[in-house]
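Below, each chain spelled out in residue letters.
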Amino acid sequence: MSRKLILAAATAAVVSVGGALVASADPVDEELVIDGEIPMVIRTKAPEGHPFDEVLSGWLFRTPETRSLEEDTFTNPGMLYVERGEEIWNTVEGEAGKSCASCHGDAAETMAGVAAAYPKWDADAERPINVELQIDKCRENNMKAEPYKFDAPEQRALTTFLKHQSLGKPVQVDLSQGDMQSWWDQGKEVYYTRTGQLNLSCASCHEENNGKYIRADHLSQGNVNGFPTYRLKQGNMVLLHSRFRGCIRDTRAEFPAPFSDELMALEVYTTWRGTGLSVETPAVRQ
Ligand code: HEC
Ligand code: HEC
């Protein structure tokens, strides 16, 4: 082969995202069944209007070691947060002298499948709310307790616990409620807007380059069905808005506040992009 041809072949396999060299690899073709009992939808036909034919869970892009940690609730480090969340569910707090369980009883029954439909329209706030904000709403209005500080360990644990009650259920946001459609529009705009010194959008990485490697990371479609996720790198549960902020920070841009309009809109839009994938919480990621 001539030197020119070798170079051309090399550039075909290696493209550049923000200056970082990336090589390509297909996601694995595997099934995910939690504890050999709960089959998970990790690839499914994309909703109408989606840029892809098929939506894929981030699990398919992880290493065999990381994938196997999620397969078994006994080895999944995120399950400790589910247990902690259950304790909080049953703990009385606030001036009303109530716990979550005082009103909602056994979460396995009353909360089954509930979190798979978030974010949802909140008529009182006249904006979409996610599970974290629904928890705060009940704490303030129904328990007379303080809302959680963003990223408080209790917020991570209780959100993980609530999402886990929907394990295996397909993600489905209802865009017909309230003004959800305009939040979807706004989220889509954020998704495709290039920002930061590196001039990248979410789509630059998760749409145009998924399947490629950026540093040691195999880029996924950036779906949100596993959140909060347990990140091995951090040794901790990571809330979705922390992940958004991390990705935005990586483009060297200013990042918006958690639960800001910008990030809520992004949550509505990215959740829709993963329509039909199973809730995997707590997913395990690198
Ligand atoms: C005093 C009773 C009361 C307490 C205590 C309470 N809630 Fe609620 N909760 C409600 C009511 C009433 C609603 C429905 C109206 C609303 O959304 O505020 C609700 C709604 C919810 C929903 C939404 C259900 C759905 O179908 O979308 C979730 C999730 C939830 N609560 C979680 C919690 C959690 C977690 C706690 C503890 C931090 C808690 N609640 C404490 C009364 C309570
Ligand atoms: C410079 C490339 C880059 C950009 C730009 C970027 N991300 Fe990411 N993102 C990554 C990498 C790398 C990971 C970790 C590997 C993976 O899961 O794709 C990741 C992971 C994620 C995940 C977790 C996926 C999972 O399965 O747990 C979500 C969600 C996500 N990104 C959303 C976004 C959103 C929304 C934006 C735009 C605000 C964005 N990303 C912008 C590189 C990027």
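Keep in mind that this is a model prediction, so the values were computed, not measured. (Residues numbered from 1 in each chain as written. Chains lettered and ligands numbered in written order. Predicted model: local features only at pLDDT ≥ 70, side-chain atom pairs only at ≥ 80, totals over all residues.)

(A) Main features of the nonpolar core. Within the largest apolar cluster, 44 residues are counted, with the highest numbers of intra-cluster contacts made by Ile42, Ala115, Leu162, Ala265, Leu266 and Val268. Looking at this core element by element, the count peaks at seven residues for helix 11 (residues 261-273). Excluding anything up to four places from it in sequence, Val268 contacts Pro119, Pro128, Val173, Met180, Trp183, Trp184 and Gly187. (Core = buried A, V, L, I, M, F, W, Y, C linked by C-beta atoms within 7 Å. Buried ≥ 20, exposed ≤ 12 C-beta atoms within 10 Å, placed from the backbone. Helix = DSSP H or I, 4+ residues; strand = E, 2+ residues; numbered from the N terminus. Contact = placed C-beta atoms within 7 Å.)

(B) Spatial organisation of the packing of helix 8 (residues 180-192) against helix 11. The interhelical angle for the contact between helix 8 and helix 11, taken along N-to-C directions, is 95°, at an axis separation of 7 Å. Considering their axes alone, helix 8 and helix 11 lie roughly perpendicular with respect to each other. Where helix 8 approaches helix 11, its residues Met180, Trp183, Trp184, Gln186, Gly187, Lys188, Val190 and Tyr191 are matched on the opposing element by Glu262, Met264, Ala265, Leu266, Val268, Tyr269 and Trp272. A class-by-class count of the residues in the contact of helix 8 with helix 11 yields 11 nonpolar, two polar and two charged. (Axes fitted to C-alpha atoms, helices over the stretch in contact; angles between N-to-C directions. Parallel < 35°, antiparallel > 145°, perpendicular 65-115°, else oblique. Nonpolar A, V, L, I, M, F, W, Y, C, P; charged D, E, K, R; others polar.)

(C) Representation of the site of ligand 2 within the structure. Near ligand 2 you find 28 residues, and of these Gly58, Cys202, Cys205, Ser220 and Cys247 are the closest. When contributions to the shell around ligand 2 are tallied by element, the ones reaching two or more residues are helix 9 (202-206), helix 10 (240-250), helix 11 and strand 13 (283-285). Take the shell around ligand 2: its biggest share by element is five residues, from helix 10. Each residue belonging to the shell around ligand 2 can be placed in one class, and the counts come to 13 nonpolar, 11 polar and four charged. (Near = placed C-beta within 6 Å.)

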